[in-house]
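# A structural walkthrough
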Amino acid sequence: MKKKFLLLIISFAVIFISNSQEKFIVNWLKTEEIKLQYPCFADKKNVKEEKFSEKDMFKFSYFDISKISPKEKDIFKWNKEKSFEWKKVKTDKKNFIKINREEENGILYLVSYLNAERWLSFNLKIETSQMCEIFIDGKKVASKYTEEKDEKKIGNLSKKLKLEKGNHILIVKTLNGIDKKLDWKLKTSITLDKDFKEEDLNFSLSPKNIMNIHNILDGKKISYAKTSSDGKFLAISYKTTCPKSKKTTYSVCIKNTETKKNYNFFENISHLKWSPQGHKISYVRYFDKKANIYLFDLDAGKKEILLEDLENFINYHWSENGIFIIYEISEKADKNKSGLKKLINLKDRQSWWRNRSFLYKLDVETKVKQRLTYGNLSSNFQDISHNGKYILFSQNSINYSDIPYSQQNLYLLDLENLKLDTIWKNKNFSAEVSFSPDDKKLLVMGSPSVFGKIGENIKENQVPNSYDKQAYIYDLKTKKVDAITYDFNPSIKKGVWVKDNFIYFLASDETYVKLFEYDIVAKVFNDVQTGVDVISNVDFAKNSPFIVYTGTSISTYKKAYTLNLYNKKYKLFEDTEFENYKNVVFGKTENWNFENKEKITIKGRIYYPANFDKSKKYPLIVYYYGGTSPVDRSFGGRYPKNLFAGQGYIVYVLQPSGATGFGQEFSAKHVNNWGITVADEIIDGVKKFTKEHKFIDSKKIGCMGASYGGFMTMLLQTRTDIFAAAISHAGISSISSYWGEGYWGYAYSTVASANSFPWNNKDLYIGQSPLFSADKIKTPLLLLHGKADTNVPVGESIQIYTALKILGKDVELIEIEAENHHITDYKKRIYWNNTIIAYFDKYLKNQDNWWKELYKDDNF
């Protein structure tokens, strides 16, 4: 069982029982008695002059408690020879479990489940004459290693515990000892602290549970999958996090596609790629920060080094015939030792900008290396022609005279004579480029404006959203461009031209991420059914109509699938998290949309608690981004809606105008808006949602967003008082300071504020900045921010915090040490997650105990 629930705080002092009602655990699951044996030479003293004791035998006889979550009649396997059934037992009238002695020195396990309806604290009391160890969620919380010899005196232990909302497994391990005069019995009771009600904690024998943060973080999870050229082997990459060590390991397993048999296992490798020919896999290992590239032949079982001791290695790419690879090396700029730095341009604030990357070629057979590019600009690899004669690469230069302040040159390099042809020069919008199967055309993916007006499908007064990626076919001979996604609403994420007449695209279709097949002759896009809502990654076999992909759905974790491109049938290939989620109960989800003032449909969805009862009133959490990307239907993530719903909230996710994936006219609404219409859409949507759903407590509505969504959270509070609590993570309080200070602020603003600047559009830079309307905020506001955030500097939260503090408003600022835009450290991620829930509990449920516990050391 991978539950190790969220936060468990233990006080090891004996606790005096309060006047609250004592609750006894009556029903238990019990194993049969397991006989223990003394080890050889147990009668001899060890080097410390100690004899082996019953206590030693009891302590050293155990199994991994964290892996069990039994229900009645489940089989308990002690070893290969001994298996037992979990049986239901009940206490007597005095609330004791009485156990028949069958063996001398026997142990058994008792299990019950503690269903906490909220965060709570209580006293756990165990009464027994025998030795015992107590575990909650796999963690030992108490122990007793003494036996009372007088049957009239029953020993006990008492521990103060704190649990979060959810179902927690209580395990008691007990030893009967050799003194058969003592009854083998045990009584367990719980006394809640005075702030809590009896109904806040219940007991059961069911392992069913709500989703928690450890479901998301812990255990073995699929990262990505890649296929061999013929589709007969798959490389599955895993990320495994151990909650005890709080460390994460990365591994890759090679499996037979048909039999799923494991062939090879690798750890601590990166840049895994299949060779286009045969069953060979290449990968990188680092030694003292230097890279070695290996090639492993599955059929021959042999490994060879292709390249070794590469400093500042970036990446490598196989030619289709497998004869050579193109690899990329970074060249570091000399360090400035004076301690003073004169910036060359806006990007020079970033420590890596002065470094340059260049291309090299390796002949796989002879190991002959050749440098392909040099100069003052980085050479960015794009593709290798199918005939192996050419490569495409690009260079980018800075141009502040026009947005997006960067220009791209695209080159075709003849590998035989290193003759260079320029395909385009000084193109304002960069693009990703790859060859057609016959090498006569290019698949180009980029902004709607990458070829001027050809790809723009917007109204006359609109500016296109450059993040709404489009696809084009470019004829190398005629220079003709075909904007193939002009009337295609989904936004392109990846494109693969697998054969002459078909291109496959991974694209955001509203809040889904789907696979589409484009028929070049018919000029038609077909939606390929994959069985998931959001495809995470997809890989195509070079020489077979076969793909492997990973994906999630709104209430389903990531799994790996295969799909036959001929018959379009998909199969589940691997599920690593069945045990992790087998006892998790999810509430229902459904779509809910409304029309904005322009009669445009604003899409949304609802997450319900698992035990939803429409006759009750529920607090509501409203989640949004509001920026240029949709909040997709992927599972888990940094803001797991299923988890919030499990905490007893209705969660409403809406997608305001301006996001990609809904068509260019819709995404263009993001440009020069900064919440002008989005704020009204969110407010209008929440009011309509609340009016239509009578089970919502309209006085207990919270809202939350991150980054641009954090900006929206701040802005919303200057426009409305319908929220009872608001949370902003890494939000923007002043558009001008974000524009000038954040590493990417000015670049993002080429889209969000196209051709608008603090000096020519004060209405936008001041009027839409929450900081300048801080006096209008009435809602309690929690600000969360990584102190090392280079995207949205922490000053954005500090500014609004300063203003609200001076104004005497209800505001909290939590800074997360050494974290950037996203919180990635294991322990900090859990504490951050708990902070969000505890804050909402405080204001939306009138339960402030958890919040006080989390930040009791910060109260002065």
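Let me begin by describing the structure that accompanies this report. For clarity, every value in this text was computed on a predicted model and none was experimentally measured.

The number of helices and strands found in the chain is 13 helices and 54 strands. The C-alpha radius of gyration computed for the chain amounts to 31 Å, which stays within 12% of the reference 29 Å derived for 860 residues, consistent with globular compactness. Considering only C-alpha atoms, the chain reaches an extent of 100 × 70 × 65 Å along its principal axes. Counting only residues that meet the buried cut, the chain has 57% of its 860 residues in that class. Taking the contacts inside the chain whose residues are at least 6 apart along the sequence as the reference set, 63% of them involve residues at least 24 apart. When the accessible surface of the chain is totalled, it reaches about 39,000 Å², and 48% of it is carbon and sulfur. Positive and negative side-chain charges of the chain, numbering 132 and 105 respectively, have mean locations separated by a distance of 2 Å.

Taken in spatial order, the four strands line up as β29-β30-β31-β32 in an open sheet, and their pairing is antiparallel. The sheet is open, and its two borders are formed by β29 (380–384) and β32 (420–427), each paired with just one other strand. Adjacent strand axes in the sheet meet at a mean angle of 20° when their direction is disregarded. As paired elements, strand β30 (residues 390–398) and strand β31 (residues 406–414) share nine bridges and run antiparallel to each other. Residue pairing in the sheet places N396 in a bridge with Q408 of β31.

Attention shifts here to the nonpolar core. Membership of the largest hydrophobic core comes to 73 residues, with the highest contact counts inside it found for L114, F122, I134, F644, M704, I836 and F840. Tallying contributions element by element places helix α12 (residues 826–844) first for this core, with 10 residues. If we skip the residues at most four places from it in the chain, F840 touches I621, Y649, G702, C703, M704, A725, I727 and K845. Grouped together as the second largest cluster of nonpolar side chains are 51 residues, F594, L654, F695 and A774 included.

A complete count under the given rule lists 31 salt bridges for this structure. When the shortest N-O distance is used, the salt bridge between E331 and R371 registers 2.8 Å. Pair noted here: E331 is in strand β26 (residues 324–331) and R371 is in strand β28 (residues 369–371), with a separation of 40 residues, a long-range link.

Criteria and cut-off values
- Residues numbered from 1 in each chain as written.
- Predicted model: local features only at pLDDT ≥ 70, side-chain atom pairs only at ≥ 80, totals over all residues.
- Heavy atoms only, no water.
- Helix = DSSP H or I, 4+ residues; strand = E, 2+ residues; numbered from the N terminus.
- Rg over C-alpha atoms; globule rule 2.2 N^0.38 Å.
- Buried < 20%, exposed > 50% of the residue type's maximum accessible area, 1.4 Å probe, protein only.
- Contact = heavy atoms within 4.5 Å.
- Areas by Shrake-Rupley, 256 points an atom, 1.4 Å probe, with all protein chains shown as cover.
- Lys, Arg positive; Asp, Glu negative; His and termini not counted.
- Charge placed at Lys NZ, Arg CZ, Asp CG, Glu CD.
- Pairing = 2+ DSSP bridges.
- Axes fitted to C-alpha atoms, helices over the stretch in contact; angles between N-to-C directions.
- Core = buried A, V, L, I, M, F, W, Y, C linked by side-chain atoms within 4.5 Å.
- Salt bridge = Lys/Arg side-chain N within 4 Å of Asp/Glu carboxyl O.

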